[in-house]
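Given next are the chains, with one letter for each unit.
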Amino acid sequence: MDTLIQQGINAISLGAIYSLFALGYAMVFSILGVLNLAHSAIFMLGAFFGLIAIDQWSLPLWLAFPIAMLGAGLVSVGLELVAFRPLRRRNAARISQLISSIGAAILIVNITQLIFRQIYNSTEAYLPRDLIPSDPIVIESLGLRVQPVRMLIVVIALVLMVLLQYLVNRVRIGQHMRAVAFNQRIAALFGINVSRIFIFTFFLAGVLGGAAGMFYGVVFLNVTPFIGEDVALIGLTAIVLGGMGSIPGAVLGGFLVAGLQIFSIVIGGSSFRNAVVFLLLFIILLIRPQGLLGQPESTRA
Amino acid sequence: MTHQLDIQDLHVSYGSIRALRGVTFHIDEGQTVSLIGANGAGKSTTLNAVSGLLKPVGGRIRFRGQDITGWRADRVSALGLVQVPEGRQIIATMTVHENLIIGAHLQRTANTETLLDQIYGRFPRLSERHNQRAGLLSGGEQQMLAVGRALMMQPDLLMLDEPSMGLSPMLVNEVFDLLRDIKGQGISILVVEQNARKALQIADYAYVLERGVIAREGSAAQLREDPHILAAYLG
Ligand SMILES: Nc1ncnc2c1ncn2[C@@H]1O[C@H](COP(=O)(O)OP(=O)(O)OP(=O)(O)O)[C@@H](O)[C@H]1O
Ligand SMILES: [Mg+2]
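Source: prediction; values computed, not measured.

Rules used throughout
Residues numbered from 1 in each chain as written. Chains lettered and ligands numbered in written order. Predicted model: local features only at pLDDT ≥ 70, side-chain atom pairs only at ≥ 80, totals over all residues. Heavy atoms only, no water. Donors = N, O, S within 2.8 Å, 3.2 Å for Na, K, Ca; no water. Helix = DSSP H or I, 4+ residues; strand = E, 2+ residues; numbered from the N terminus. Buried < 20%, exposed > 50% of the residue type's maximum accessible area, 1.4 Å probe, protein only. Near = heavy atom within 4 Å. Polar contact = N/O pair within 3.5 Å; in protein donor to acceptor, adjacent residues only side chain to side chain. Nonpolar A, V, L, I, M, F, W, Y, C, P; charged D, E, K, R; others polar. pLDDT = per-residue confidence, 0-100. Contact = heavy atoms within 4.5 Å. Domains from an automatic or database assignment. Buried area = accessible area lost by both parts, 1.4 Å probe. Salt bridge = Lys/Arg side-chain N within 4 Å of Asp/Glu carboxyl O.

Thoughts on the coordination of the magnesium ion (ligand 2)
Residue and element names in this part refer to chain B. Protein-derived ligands of the magnesium ion (ligand 2) are Ser44 (OG) and Glu86 (OE), with the metal-ligand distances lying across 1.9 to 2.7 Å. Taken together, the residues span a long stretch of sequence, with Ser44 in helix α1 (residues 43–51) and Glu86 in the loop between β6 (81–84) and α3 (96–104) at a distance of 42 residues. Classification of Glu86 by relative accessible area gives partly exposed; the value is 32%.

See below:
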């Protein structure tokens, strides 16, 4: 029972990270109609920028967070300008845009790998343990140990999600995002500068993905140029599970996948956890392709 | 004298398909002009090129003397040149209220509330359903919303693409009554219609588009008597 609660708490903090990451996928998908497969590289960059800020520049955690988020957001905007917009302008097929995003992901990972070699002489680096308060809070009566940093992550993630929900539903630029997501041509006739909305959406997606990456680095204290690969499939499963392009769906999907992963580790050991995620993805695609919160008939490819 | 909208030798292509092959016409301040033509003649293409949804490959579009050829759609609409596109294009996932205010907020003048009251006053059915998702409205209500949205943007020239399409005869009359009202406020109108009879009743002047070129033009009264028009478009 105790370990179950303990694992539940771990699942919540992992779920918060997955949800933030999946939100970026979902937001870009909802306006683009294409998956941005370079989003996992943005996630990695968030962790990388956080590492550099803490380890190289000796900045405190509270400063490293916004730097990682901002840096990831800006690179994400760069993706829109370099990997997507030129193709869209030429009316390229969705598959070309998808492939372009895969290429961008490879490029970003390779460049980061080079920088890693330069700085660390290796493709792996560790965050200094003493910079991040990691003494667990022990709740004796329940036999629980919770790392404060995990609690902090859950709180920040929830705040970001609430802010996003508020932005999309209550703020004018969020309304414009929904209009562009529904139909770019109509949105343009309504007087909306569609290109600006694309840039803004990529920025937000990058900020959330970067935050998720940085949190991931802080929890596992270890950063490599390849951590995006750990979460790429998880993020996809989360948005397929929740409903492609749906914001609440991405959050729900992120937490469910994390829960399932932790559960499968408890049951069968950690070697199964990715197989279980893939199996889940496969089952949803078969029985409920629109996802839990998605609309039945999809207008997108 | 400068016309309000002046289109000269407009060419638009879809890849190798040349949809407009030298279209020339103009609209003066306060005028109501109708563009009639068969399916595929290029009517929607003309409106979309003017509103900035399509980039012309040749020719000039001037609005009050300013060259707006190839401008982005949001910049064109900010000039007061507002299009109601073909087929009740509203944002189905947003509420009626959101559809109405979203365009108004981007316009120069800021008396959104007064405008909104006017629109709700004219379309009581929209007022009753203001918190409903626009996709749940009936076809006729969606058309009213599409026109209401455009009016919220305070157009100087309103372009409508087949506003009566798919509506019952009663609603068609309602749409044309509305257009008459709008005309009465001094707003210029460019209306594309299959329903040439109705269009020629409210228009001052009309152009007939055939396979990408203007085949005929004249005052609405003239065209109503034209035997060719009678045979081809008035049934
Ligand atoms: N997106 C497109 N791609 C290729 N060809 C197109 C496209 N849109 C229109 N066309 C072609 O351009 C020509 C003009 O089309 P347009 O839609 O302007 O006609 P229309 O007069 O509005 O017809 P309707 O009364 O049926 O709405 C047609 O031959 C049409 O097939
Ligand atoms: Mg048409």
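A few points about the site of ligand 1
All names here are of chain B. Taken together, 14 residues lie around ligand 1, and Lys43, Ser44, Thr45, Glu86 and Gln194 are the ones closest in. One of the side-chain nitrogen or oxygen atoms of Ser44 is found 2.8 Å away from an oxygen atom of ligand 1. Between an oxygen atom of ligand 1 and a side-chain N or O atom of Thr45, the distance comes to 2.4 Å. Of all the elements in the fold, those that place two or more residues in the shell around ligand 1 are β2 (17–27) and α1. Examining the composition of the shell around ligand 1, we find that three residues originate from one element, α1, more than from any other. Across the shell around ligand 1, the residue classes break down as five nonpolar, six polar and three charged.

Examining the confidence of the model for chain A
For chain A, per-residue confidence averages 89 on the pLDDT scale, and 95% of positions sit at 70 or higher. Here residues 297–301 of chain A is a poorly scored stretch, pLDDT under 50, and it has eight contacts once near neighbours within four places are set aside; other chains count.

Quick word on the domain arrangement of chain B
Residue and element names in this part refer to chain B. Partitioning chain B into domains gives domain 1 (1–80 + 158–235) and domain 2 (88–154). Computed over C-alpha atoms, the centres of domain 1 and domain 2 are 23 Å apart. Of the residues lining the interface, 18 residues belong to domain 1; the matching set on domain 2 comes to 14 residues. Contact between domain 1 and domain 2 buries roughly 1200 Å² in total, counting both sides, with carbon and sulfur atoms accounting for 61%. In this structure, the connection of domain 1 to domain 2 is made through two salt bridges. A salt bridge links Arg122 to Asp181, with the shortest nitrogen-to-oxygen separation between them at 3.4 Å. Our count for the contact surface shared by domain 1 and domain 2 stands at three residue pairs in polar contact (both at pLDDT 80 or more). Secondary structure elements with two or more residues in the side of domain 1 that touches domain 2: α2 (73–78), β7 (157–161) and α7 (169–184). By residue class, the composition of the side of domain 1 that touches domain 2 is 11 nonpolar, four polar and three charged.

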